[in-house]
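Take a look at the letters that make up each chain.
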Amino acid sequence: MPTLKEQVIEASKTIGIDKIGFTSAAPFDYLEASLKEQKANGHSTGFEHKVLEERLYPDLIFDQPKSIIAIALAYPTKILNKPARTGAKRGSFARASWGIDYHDILRDKMDQLISAIETLADSDTEITFKPMVDTGELSDVAVAQRAGLGFIGLNGLLITPEFGSYVYLGEIITNIPFEPDTPMANQCGSCTRCIDYCPPQALMGDGRLNAKRCLSYQTQTKGFMPEEFRPKIRSVIYGCDICQQVCPFNKGKDFHFHPDMEPDPESVMPELQPVLTISNKQFKLQFGHLAGSWRGKKPLQRNAIIALANVKDRTAIPKLLELIDTDPRPVIRGTAAWALSQLVRDVTPEILDFLETAAKREEEPEAQVEFDNALQILKERYSER
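Owing to the predicted nature of the structure, the values given are computational and were not obtained by experimental measurement.

Enquirer: Give a description of the overall build of the protein that names residues and reports values.
Expert: Secondary structure assignment for the protein yields 16 helices and eight strands. Taken over the C-alpha atoms alone, the protein extends approximately 85 × 45 × 40 Å along its principal axes. Residues counted as buried form 51% of the 385 residues belonging to the protein. A total accessible area of about 18,200 Å² is found for the protein, and carbon and sulfur atoms account for 51% of it.

Enquirer: Quick one: what's the story with the state of the cysteines, residue by residue and with numbers?
Expert: Scanning all chains against the criterion turns up zero disulfides. Looking at cysteine 194, it has no disulfide partner, and the nearest cysteine sulfur is the one in cysteine 188, 6.3 Å off. Free of any disulfide, cysteine 240 has its nearest cysteine sulfur in cysteine 214, 6.3 Å distant.

Enquirer: So what about helix H16 (residues 365–383)? Which residues, and what values?
Expert: A rise of 1.5 Å per residue sets the reference length of H16, with its 19 residues, at 27 Å; its end C-alpha atoms lie 27 Å apart and thus fit the reference within 8%. Within H16 the residues assigned to the buried category are Ala367, Glu370, Phe371, Ala374, Leu375 and Leu378. Viewed end-on, H16 has its buried residues packed into an arc of 130°, placing them on one side of the element. Exposed residues lying more than 90 degrees from the buried face of H16 are Pro365 and Ser383. Buried residues in H16 make contact with helix H13 (317–326), helix H14 (330–343) and helix H15 (349–361). The distance from a side-chain oxygen at the start of H16 to the backbone nitrogen of glutamate 366 is 2.9 Å, and the residue carrying that oxygen is glutamate 364.

Enquirer: Give a detailed account of the packing of aromatic side chains, specifying residues and quantitative values.
Expert: Per the counting criterion, the structure on display carries 14 aromatic pairs. Where phenylalanine 283 meets phenylalanine 287, the ring centres are 5.5 Å apart and the plane angle is 50°; that geometry is what we call tilted. In this pair, phenylalanine 283 and phenylalanine 287 both sit in helix H11 (residues 280–287), four residues apart, roughly one turn of the helix. Since its relative accessible area comes to 10%, phenylalanine 283 is described here as buried. An aromatic cluster of at least three residues, connected via ring pairs, comprises Tyr75, Tyr102, Tyr166 and Tyr168. Over the aromatic face of phenylalanine 28 sits the side chain of arginine 146, whose NZ or CZ is 3.8 Å from the ring centroid. Looking at arginine 295, its charged tip hangs above the ring of tryptophan 294, at a distance of 5.0 Å from the centre.

Enquirer: Please give an account of unusual backbone geometry that cites residues and values.
Expert: One non-glycine residue, glutamine 64, adopts positive backbone phi at about 50°. Even without being a glycine, glutamine 201 presents a positive backbone phi close to 55°. Within the secondary structure, glutamine 201 sits in the loop between helix H6 (193–197) and helix H7 (215–218). Among the residues examined, glutamine 201 registers a relative accessible area of 66% and is labelled exposed.

Enquirer: Just give me the short version of the layout of surface pockets, but keep the residues and values in it.
Expert: If you add up the space inside the second largest pocket, you get close to 320 Å³. If you go around the second largest pocket, you meet 20 residues; those closest to its centre are Ser92, Arg95, Trp98, Asp241 and Gln245. For the lining of the second largest pocket, the secondary structure elements donating two or more residues are strand E3 (92–93) and helix H8 (242–245). Looking at the lining of the second largest pocket residue by residue, the classes come out as ten nonpolar, four polar and six charged.

Enquirer: Please provide a residue-by-residue account of the environment of methionine 110, values included.
Expert: Its location among the elements puts methionine 110 in helix H4 (residues 102–121). Sequence separation between methionine 110 and lysine 130 is 20 residues; the distance between their C-alpha atoms is 9.7 Å. Excluding residues within four positions of it along the chain, methionine 110 makes contact with Ile71, Pro131, Met132, Val133, Gly170, Glu171 and Ile172.

Enquirer: So what about the sheet that holds strand E4 (residues 129–132)? Which residues, and what values?
Expert: Taken in spatial order, the four strands line up as E1-E2-E7-E4 in an open sheet, and their pairing is antiparallel. Strand pairing shows two members of the sheet lacking a second neighbour, strand E1 (19–24) and E4, which therefore form its edges. Shown here is a sheet whose adjacent strand axes are inclined to one another by a mean of 20°, direction ignored. With six bridges connecting them, E1 and strand E2 (residues 67–74) associate as antiparallel partners. In the sheet register, glycine 21 faces E2, and the bridge partner there is alanine 70.

Thresholds applied
Residues numbered from 1 in each chain as written. Predicted model: local features only at pLDDT ≥ 70, side-chain atom pairs only at ≥ 80, totals over all residues. Heavy atoms only, no water. Helix = DSSP H or I, 4+ residues; strand = E, 2+ residues; numbered from the N terminus. Buried < 20%, exposed > 50% of the residue type's maximum accessible area, 1.4 Å probe, protein only. Areas by Shrake-Rupley, 256 points an atom, 1.4 Å probe, with all protein chains shown as cover. Disulfide = S-S within 2.5 Å. Expected span 1.5 Å × (residues − 1). Arc of directions from axis to C-beta. Contact = heavy atoms within 4.5 Å. Polar contact = N/O pair within 3.5 Å; in protein donor to acceptor, adjacent residues only side chain to side chain. Phe/Tyr/Trp six-rings, centres within 6.5 Å; stacked < 30°, edge-to-face > 60°. Lys NZ or Arg CZ within 6 Å of the ring centre and 35° of its normal. 1 Å grid on protein atoms, 1.4 Å probe; cavity = no way out; pocket = protein on both sides within 12 Å on 5 of 7 lines; lining within 4 Å. Points joined across faces, edges and corners; volume = space filled by probe spheres on them. Nonpolar A, V, L, I, M, F, W, Y, C, P; charged D, E, K, R; others polar. Pairing = 2+ DSSP bridges. Axes fitted to C-alpha atoms, helices over the stretch in contact; angles between N-to-C directions.

This is the structure in structure tokens:
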């Protein structure tokens, strides 16, 4: 007779879970010093769960936990049907935001797994579960590593032998005692490609991350993006894949197991200019199903403006002028002024007059700085003619 664990593993395959592992509900207290240091150094994003102890001790968030089940789902890295070539410049979303929001996909898989376990366990005592995805208290990568799904690479991501780091992670705390699997040790060896190729040098060399320097974080902020990071995002308007793309463990990894994860080309590689003035309704239709829409449309519009400057799309200048003149949001106006300073080569008195008028009208201090800087650049360029 197979053990309950063996039956759960078989059930997970039927459900479409690509990898499953088990670990105890013992504390993750070995992370405490690192997490405290990260916060003290200002390297946290602010998106993390606020109560440190609840990130470390499963018994603070669950009554009498005995085990944690970790799961992984492999996602695609290549678009099967690329968008039509229209000549328009396009942006892109990182691969983790392709397809339907992975939070929804993982929750559905874990709900199915919980139902299967309830049927298989056939227990006289009450069995309980707490599923979590990304926004839960525990560290997904720490749980997955301890459950034997893979190892934590120097880029801070879980790297599985089968699928590389292109996996979504979730975990379920339960009061069922399962035999734990064996954790996997780091296998990066002397390779430092992820560290070497990270444009803002956000990786600290030991698997930790200065999250505020990470381009993925920068694309998700709501205010002005610091000018240092603007050229580095290139044409990506959400997330960053660089430390994954250069990883040898990811070479040739591209799996298409889950139809819900297949990207809509027009959503994940959108034309940039239409994003600038997209309505709330159209934004929801085109991007609402993506994980990358969670911060709303303003960060993506700001990023699209930056991307247009980075790809030198001078046909966007009229739209940037329109944004400066009519958009009610200071972040959009100010970022558009910066982009204008990057794109306008043949500076005319009319452009300078327009910007000076807009700058006098601007009341928001950070936006005012953007206008002043843009004017200085354009005036210098004008004087050099």
